Structure formats: C-alpha cells, structure tokens
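# Examining the three-dimensional arrangement
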Amino acid sequence: MPITVEDVSFSYTRNTQLGSIVLDRVSMNINQGEFLVIMGEIGSGKSTLVKHFNGLLKPLSGKVTVDGYNATSVQVRKLVGMLFQFPQQQLFGRTVFEDVAFAPSNFGISGKELLTKVIESLKLVGLDENIVSKSPFSLSNGHMRLVALAGIIAASPKYLVLDEPSTGLDPKSRNELFKALREIHATGITVVVVTHNIHHVLPLATRVFFMERGKIAFEGSPEDYFLSGYSQVQDIPLLMRELRKSGLDVNDDVFTVEEAFREIMHIKKMRTGT
Ligand SMILES: Nc1ncnc2c1ncn2[C@@H]1O[C@H](COP(=O)(O)OP(=O)(O)OP(=O)(O)O)[C@@H](O)[C@H]1O
Ligand SMILES: [Mg+2]
C-alpha cells in the first residue's frame, strides 16, 4: 500500500481532552495511480489529515507510512508534493524559472537538464515556456497557482496532494487548474485532492472520501457518493455540463440525481465494458 493511514488520531493541543480531538482513529489506504477526492464539512479535519501524508503533522497515536517509510522520515519529502490552498504563498523567486527550478536544483539537477525539467513542468501544467523570465508575481492569480504547481511537479513527486487548490479562482482559471491535474495524473502521479468541486474531477476520481468531525463518514466510488446522503451537488445540470466539457458524451438534459447516476454509469460501462 503506497500511503497507509492506520488508526490515526490527532489533536493540536497534544492531549485527548473531550472536544480537542481533530482526527479520531482514521484509517485509509491510497493506492498507486489513484485520483482520490476528499470532501467534507468545514473544520472536519481534511487539511489536518492531508498534512500527515508528508509528515507536516505527526499523529498523536496511530501511524502513517508512504512506500513503507514513516511519513515523517526524510525520504517522504521527495515522494510527496503538497500544494496548499493559497500556493501564491509558496512562491518566492524573482523569475518563474527560479521558482520552478528550486526543488530540482536542490536534488542536484543543473544546467541544460534543469532547464528541460523546468520547461517540461510548465508545459505539463499548461503554461507557455516563454514565461520563465517573468516575475511570478506579475502573473494572474490562476497562473501563479499553476507556477506553484509546476514547481512541485519539477521535483518529480510520486504523490501529489492538493488542499482546496481552486479556492478563489475564477471559472476559467479553475478549469485550467483541473485540466493540469488531469494531465499530471495521466503521467502516472497519484493525486489526492481536497475539494468541494467534485464535478471537475468526477471523470477521474477513483474514490471519494467524505469527512465529518474528524472521522471518515463515507468512502466509496464516485457513483456511490452521488447516491449517498453525503452528496452535496445540488446543481445536477451544472455537473452534467462540466462532464460534457471534459469530453464525456453524457446527456446534459438531466435534472435528478438518479438520471445523472444512470448517465454516468452508462459512460462507465461504455468505457470499461463492465
Ligand atoms: N493550527 C491549528 N491550531 C489549533 N486548531 C486548529 C489548527 N488548525 C485547525 N484547527 C482546528 O482543527 C479542526 C480541523 O481543522 P482542519 O483545518 O483540518 O479542517 P478542514 O476540514 O480542512 O476545514 P476547512 O473546510 O475549513 O478547510 C477545526 O476545528 C480547526 O478549528
Ligand atoms: Mg482545510
């Protein structure tokens, strides 16, 4: 199991007084190649949970491992790339090149190989290589976020974890970001994303988790998620339009969860033959 979370509890106050437990005996596994979506209520512990995947937080009890290493061990830092809610705060370079080159140069890559790595990473997230000499702070909000993402990808992580990556973006930038995630996942990187915008990632999602008060309240396929009481997508027509835009041939003249479910299952059947 590439990422395993075993019976993890966590409290910011490092004690187990009533009310201070933020993660309450959470267990989950993330398999290689998955595109995992974590949803949940505000304050339910989503950010706290994903910060355990690269050792930013340490469990009060229980264990998190990545490829067999304890998540707090140094090897895991290279394996797991993490993008936060306001990745602009992760930018610092005078130029886009400096920013994206930072991690690979720390891993000993230099010269032409470094330039190639930077350009490849920018292309993968959908940015033009011509922006390398620009200041990242002169770019639009959406492009700044893509530069931060390129910087993480340039370090060649095996796992990419994103915590509400589309917060505060306009619809166009949001689409660009989720398109970048599709491309990144297609290269074989395992993706874990905390997001409320499930309709953007539905065609890719392998599993959906829904958190409630520090526990995993639901875990299952996207189809089951829509049939569960946890589904928060009220706007089914919007969902169907997004699915069409992402290239799935669904009927977007659909207004109920049941109809949407049938459409999605139909597409799944055509794709997988099962
Ligand atoms: N640094 C901190 N110190 C103390 N308590 C914190 C800290 N960060 C989060 N908490 C508390 O831990 C609980 C879980 O927070 P967390 O940020 O993990 O939730 P979340 O599901 O990511 O919420 P949101 O949807 O708002 O992003 C909340 O009650 C929050 O107030
Ligand atoms: Mg959060």
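### Concerning the pattern of salt bridges
Within this structure, the stated rule accounts for nine salt bridges. Two residues, D24 and K215, come together in a salt bridge whose shortest N-O distance is 3.2 Å. With D24 in strand β2 (residues 21-30) and K215 in strand β10 (residues 215-220), this pair connects stretches of sequence that are 191 residues apart. Residue class for D24 comes out partly exposed when judged on its relative accessible area of 27%. We classify K215 as partly exposed; its relative accessible area is 42%.

### Describing the sheet that holds β10
Backbone hydrogen bonds are what pair the strands of a sheet, in a parallel or an antiparallel way. An order of β6-β7-β8-β3-β9-β10 is seen for the six strands of this open sheet, with the pairing classed as mixed. Sheet topology places β6 (80-83) and β10 at the edges, where each strand pairs with a single neighbour. Ignoring strand direction, the axes of neighbouring strands in this sheet form an average angle of 15 degrees. Helix-sheet contacts for helix α5 (residues 141-153) involve β6 and β7 (159-163), and the interaxial angle to β6 is about 170 degrees. Running over the sheet, helix α6 (residues 171-186) touches β3 (35-40), β7 and β8 (190-194) and is turned about 160 degrees from β7.

### Some thoughts on the domain arrangement of the chain
You can read the domains of the chain as domain 1 (3-233) and domain 2 (234-274). Relative to domain 2, the C-alpha centre of domain 1 lies at a distance of 26 Å. Here domain 1 packs against domain 2, burying approximately 1200 Å² in sum over the two surfaces, 70% of which is carbon and sulfur. If you look at where domain 1 meets domain 2, you find zero salt bridges. Where domain 1 packs against domain 2, one counts zero residue pairs in polar contact (both at pLDDT 80 or more).

### Structural notes on the side chain of E34
Along the polypeptide, E34 turns up in the loop between β2 and β3. From its side chain, E34 meets the backbone nitrogen of N31 in a polar contact 3.0 Å long. For E34, the residues in contact, after removing those within four places along its chain, are N29, H185, T190, V191, T206 and R207.

### Thoughts on the nonpolar core
Buried together is how nonpolar side chains tend to be arranged in soluble globular proteins. If you look at the biggest cluster of nonpolar residues, it comprises 56 residues, and the most contacted ones within it are V37, L149, L160, L181 and I198. When residues of this core are assigned to domains, at least three fall in each of domain 1 (3-233) and domain 2 (234-274). Not counting residues up to four positions away in its chain, the partners in contact with L149 are L83, V125, L160, L162, L177, A180, L181 and I184. Judged by nonpolar contacts, the second largest core, of 27 residues, contains L23, I30, V66 and Y159.

### Let's talk about the site of ligand 1
Around ligand 1 sit Y12, V22, E41, I42, G43, S44, G45, K46, S47, T48 and E164, and that is every residue in its neighbourhood. S44 places a polar main-chain atom, nitrogen or oxygen, 3.1 Å from an oxygen atom of ligand 1. Contacts to ligand 1 include T48, whose side-chain N or O atom sits 2.4 Å from an oxygen atom. Top contributing element to the shell around ligand 1 by residue count: helix α1 (residues 46-50), with three residues. Its residues assigned to classes, the shell around ligand 1 shows three nonpolar, five polar and three charged.

### Points about the packing of α5 against α6
Helix-helix packing: each pair is described by the crossing angle between the helix axes and the interaxial distance. With their axes 9 Å apart at the nearest point, α5 and α6 run at an angle of 15 degrees to one another. As the angle between them shows, α5 and α6 are arranged roughly parallel. You can see that α5 and α6 cross each other, and the crossing is right-handed. Of the residues in α6, those in contact with G142, H143, L146, L149 and I153 of α5 are S173, E176, L177, A180, L181 and I184. Taken together, the residues of the contact of α5 with α6 break down into seven nonpolar, three polar and one charged.

What counts, and where the lines are drawn
Residues numbered from 1 in each chain as written. Chains lettered and ligands numbered in written order. Predicted model: local features only at pLDDT ≥ 70, side-chain atom pairs only at ≥ 80, totals over all residues. Heavy atoms only, no water. Salt bridge = Lys/Arg side-chain N within 4 Å of Asp/Glu carboxyl O. Helix = DSSP H or I, 4+ residues; strand = E, 2+ residues; numbered from the N terminus. Buried < 20%, exposed > 50% of the residue type's maximum accessible area, 1.4 Å probe, protein only. Pairing = 2+ DSSP bridges. Axes fitted to C-alpha atoms, helices over the stretch in contact; angles between N-to-C directions. Contact = heavy atoms within 4.5 Å. Domains from an automatic or database assignment. Buried area = accessible area lost by both parts, 1.4 Å probe. Polar contact = N/O pair within 3.5 Å; in protein donor to acceptor, adjacent residues only side chain to side chain. Core = buried A, V, L, I, M, F, W, Y, C linked by side-chain atoms within 4.5 Å. Near = heavy atom within 4 Å. Nonpolar A, V, L, I, M, F, W, Y, C, P; charged D, E, K, R; others polar. Parallel < 35°, antiparallel > 145°, perpendicular 65-115°, else oblique. Left-handed = near helix turned anticlockwise from the far one by under 90°.

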